[in-house]
Amino acid sequence: MTAGVPAGRAGRERDPFGLPSGTTARFVLLITAVTTASATLVNSVSSTVLTSVEPRQMLAYYQCATRATQDAARARSAHPGSGASAFVFDCHDPRAGTAWAVTATATALLLLSVGCVYVCLPAWRSRRRGYRELTGVPELSAYLEELTRTTGLYPRVTFLAEPLEPSIDALAFGRARRRQVVLSGGLMALFARDRDAFRSVVLHELAHIRNRDLDVAFLTLIVWRMSGPPLLSFAVLAVPGSLAVLAVPGSLVAGPELAAANLTHAVRIGLLAVLAAFLKNSVLRSRELHADARVRSWEGSADSLLRLFRSYGLPSAPRSSWRSALLRVHPTAAQREGALRDERLLDRAGFWDFCAVGATAAFLYDFLELGPIGGGSQTGTGTEALATALASALLVGATGTALWRGSAWAAGTVDPARIRNAGLGLALGAGVLHLLSPTGASSAAMLGGRGVTLIIPYATLVGLSGLATAGWLAAVARSWTALPDRWRRPRLMAAAVLGASAAGLAPAFDYLMQLPPLTLYAASFLFPDTPGALVFVSDFVTLSVGVAASALTPLTVAAVLIPIAGQYVAGRAARGRPATGFGPLQPTAGPLVRLGVPVGLAAAGMGVLMALLGVFSFWGMILVICAAQIGAALWATRDYAPLPVVRGLLAAYGSGALALLGWFLLMKMFGSCALGAGTCAALPSPEDIFLGLTLPSPGALAACAVHAGLRTLVPRPAGQSPRGGGRRGPGRAAMTRKATAFPGW
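Residues numbered from 1 in each chain as written. Predicted model: local features only at pLDDT ≥ 70, side-chain atom pairs only at ≥ 80, totals over all residues. Heavy atoms only, no water.

K.L.:
So what's going on with the pairing of strand 3 (residues 170-173)? Residues and values would help.
P.N.:
On any regular strand, side chains alternate: one points to one face of the sheet, the next to the other face. Bridge count for strand 3 against strand 4 (residues 179-184) is four bridges, and the pairing is antiparallel. When the sheet's bridge partners are listed, Ala 170 is paired in strand 4 with Leu 183. From the end of strand 3 to the start of strand 4, which pair antiparallel, there are five residues, and Gly 174 there has a positive phi angle of about 115 degrees. (Pairing = 2+ DSSP bridges. Helix = DSSP H or I, 4+ residues; strand = E, 2+ residues; numbered from the N terminus.)

K.L.:
Hey, could you go over the packing of helix 24 (residues 686-694) against helix 25 (residues 696-713) for me, with residue numbers and the actual values?
P.N.:
Closest axis-to-axis distance for the helix 24/helix 25 pair is 5 Å, and the angle between their directions is 15 degrees. Taken as axis vectors, helix 24 and helix 25 run roughly parallel relative to one another. For the pair helix 24 and helix 25, contact is made by Leu 691, Gly 692, Leu 693 and Thr 694 and by Pro 696, Ser 697 and Pro 698, respectively. (Axes fitted to C-alpha atoms, helices over the stretch in contact; angles between N-to-C directions. Parallel < 35°, antiparallel > 145°, perpendicular 65-115°, else oblique. Contact = heavy atoms within 4.5 Å.)

K.L.:
Lay out the pairing of strand 4 in plain terms, naming residues and giving numbers.
P.N.:
In terms of burial, strand 4 is a largely internal element, six of the six residues being buried. Going residue by residue along strand 4, you find Arg 179, Val 181 and Leu 183 tucked away on one face and Gln 180, Val 182 and Ser 184 tucked away on the opposite face as well. Judged from the six bridges that link them, strand 2 (residues 157-162) and strand 4 form a sheet pairing that is parallel. Opposite Thr 158, over in strand 4, you have Gln 180 as the bridge partner. (Buried < 20%, exposed > 50% of the residue type's maximum accessible area, 1.4 Å probe, protein only.)

K.L.:
Break down the packing of aromatic side chains for me, citing the residues and quoting the values.
P.N.:
Scanning the model with the defined rule gives 10 aromatic pairs in all. Ring centres of Tyr 131 and Phe 173 lie 5.7 Å apart, and the angle between their planes is 50 degrees; on these two criteria the pair is classed as tilted. Of the two residues, Tyr 131 sits in the loop between helix 4 (100-129) and strand 1 (132-133) while Phe 173 sits in strand 3, which places them 42 residues apart along the sequence. Judged by its relative accessible area of 12%, Tyr 131 falls in the buried class. Classification of Phe 173 by relative accessible area gives buried; the value is 1%. Considering the side-chain rings of Tyr 143 and Phe 198, the 6.2 Å spacing of their centres and the 50 degrees angle between planes classify their relative orientation as tilted. (Phe/Tyr/Trp six-rings, centres within 6.5 Å; stacked < 30°, edge-to-face > 60°.)

K.L.:
Please provide a residue-by-residue account of the pattern of salt bridges, values included.
P.N.:
Throughout the structure, instances matching the rule amount to 12 salt bridges. Between Arg 307 and Asp 194 there is a salt bridge, with the nearest N and O atoms lying 2.7 Å from each other. Here the residue Arg 307 occupies a position in helix 10 (residues 303-312), and Asp 194 occupies one in the loop between helix 6 (185-193) and helix 7 (195-210), the gap between them amounting to 113 residues. Residue Arg 307 is classed as partly exposed on the basis of its relative accessible area, which comes to 38%. (Salt bridge = Lys/Arg side-chain N within 4 Å of Asp/Glu carboxyl O.)

K.L.:
Any details on the packing of helix 14 (residues 416-435) against helix 16 (residues 455-480)? Residues and values, ideally.
P.N.:
Relative to each other, helix 14 and helix 16 sit at 140 degrees, their axes nearing to 7 Å. Overall, the two elements helix 14 and helix 16 adopt an arrangement that is oblique. Crossing geometry of helix 14 relative to helix 16 is assigned as right-handed. Touching Ile 419, Arg 420, Ala 422, Gly 423, Leu 424, Ala 427, Gly 431, His 434 and Leu 435 of helix 14 are Ile 455, Tyr 458, Val 462, Gly 463, Gly 466, Leu 467, Ala 470, Gly 471 and Ala 474, all from helix 16. Each residue belonging to the contact of helix 14 with helix 16 can be placed in one class, and the counts come to 11 nonpolar, six polar and one charged. (Left-handed = near helix turned anticlockwise from the far one by under 90°. Nonpolar A, V, L, I, M, F, W, Y, C, P; charged D, E, K, R; others polar.)

K.L.:
Mind laying out the sheet that holds strand 3, listing which residues take part and the relevant values?
P.N.:
Spatially, four strands are ordered 1-2-4-3 in an open sheet, and the strand pairing comes out mixed. Each having just a single partner strand, strand 1 and strand 3 make up the two edges of the open sheet.

And the structure:
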């Protein structure tokens, strides 16, 4: 064999980014989804059956909760301005005494059974299929030994034979440290007839071992076959039963609240199981494409594989045209040939992959937030923090890895359609699974359905948030793409960047998940006669100001600093000297404009002028600052600006902070020094500084959304030169074209 790339370097040259492959990322997501869904069933069974909790006890608990909620709602409706009718929830959940040991033991047994099947499966398969050791063919054995030596796998591979199988086929299997490749009788006959084709087939199986995807593939199949059918069966059986209970008023088995919770829980389990099935198929298809890419790197070209496909076909490739691409476990011949010609297709995650990411993150959040047994009886600060951290890490890690690897293959650009698919997929998965939360359905049934119309504005908000998250992660990928080939530990660097991104996103993610229950209870206790959609909009605006310091300010800071830091470090590494300014040499918009300083000072002066003229009002000042933030974002990026929406967010936040701090300072100086109202103070107080740095965050994010929308509606043509008299640096047009690859970002 003539290897075009040494075995030790093949992985790094094929994967310049050093991140986990798309196959591994999908596998981790699949394991998380199926394990979490299975844990809900295990914990539900262990908390009711194994601890002798009777259905009547559960029914009494839900009836008590219903009466307490309805009494509180009626009291608030009768006395809307009174604070005496506080909501006291003193009902006892019979599952609250469930021991952790029961659920932990049941979950451990499930994982142990998966491990036992993984260890025993290779030997069972060899006995069942009648595989034999490859003996009596010294020329073939010597050739296979030479192949394994050249690929760097010798002596970790054992070759077996299936002489009674006439087709041309091979299979790599086995557990860790005991890898095996079985050759069919038809393939062994091909050794004498067409040695080049034989070599390509064997190299493909060795590539699976070299890519370390055998454990991924077999664990994927084991986990799905052990958990997928039970999850689907539960959904199929539970949905009709819950509907039957809801159709019978005054049921003695369960009340409408418990039936609504069971119905939504069953629907969520079924949806997650279907998404997991699609994800399982995507894992199996992706590993085949990566094995072909490894063979291409070994051979130096794709000619041998293309000749193999055209001469002998693909027995494993689907031939049915009616079969959906989501149901195939092997890629088609056209897909394999396309991936060999264009390596960017290797890790291209589809819409349903991102939908599975969002659904799994929302499901994991709901499961962990409610404690080990659900029902909210174990909810606390610890469970909420754990749920937020793990769900955010999963969402950012899976989405960021997919977009980052795509950016690495495409030399710093990501297809805008891919960003839209990622954003909409995340939004659909997370929004649907979270709105189908059993606690939300139970609460809606308790409250008589009031506030359900919040679904419309909440779905819109989740959709915009998904698009913004995908676009921002693509911007992060773009800014950090040039560094891994210069970094000694690219995986560590990528993990650190994505970890920081998840930390900045986590508080805002928790706030987004908490909005539906907060609005639902507000619609019942505070505004029972107001449509839920209007209550949601009002609560969203009010609560956004309240959580500006804890949720939105960390999001704003992370959204600005992470991509700009990557661009600065990458530019400094490329030029070998410190970067100057924010963009190319002598940009039209200077640093002060990019930071929103002129607009912020103008807004502060406008606030003082309004106070002097006697027309000042709180909402009037808010409108002035919001208008200033939008204007600052548009002004800062009116010409060429790398990462334009991130720069716009920086200008919006800077102008808002400067406007508030300047207004506080000017009003204090005018009132205390000029009018003599108190001691003359020239510096703002710590409280003023805190408010000035946190309150601009909601307005900055709103201005960023307006700015991104305007850029999407009026995109700049590729290669258009910026206006103004700034001197152009070398490669300015190319940099402009590169910037337009991220519309809005």
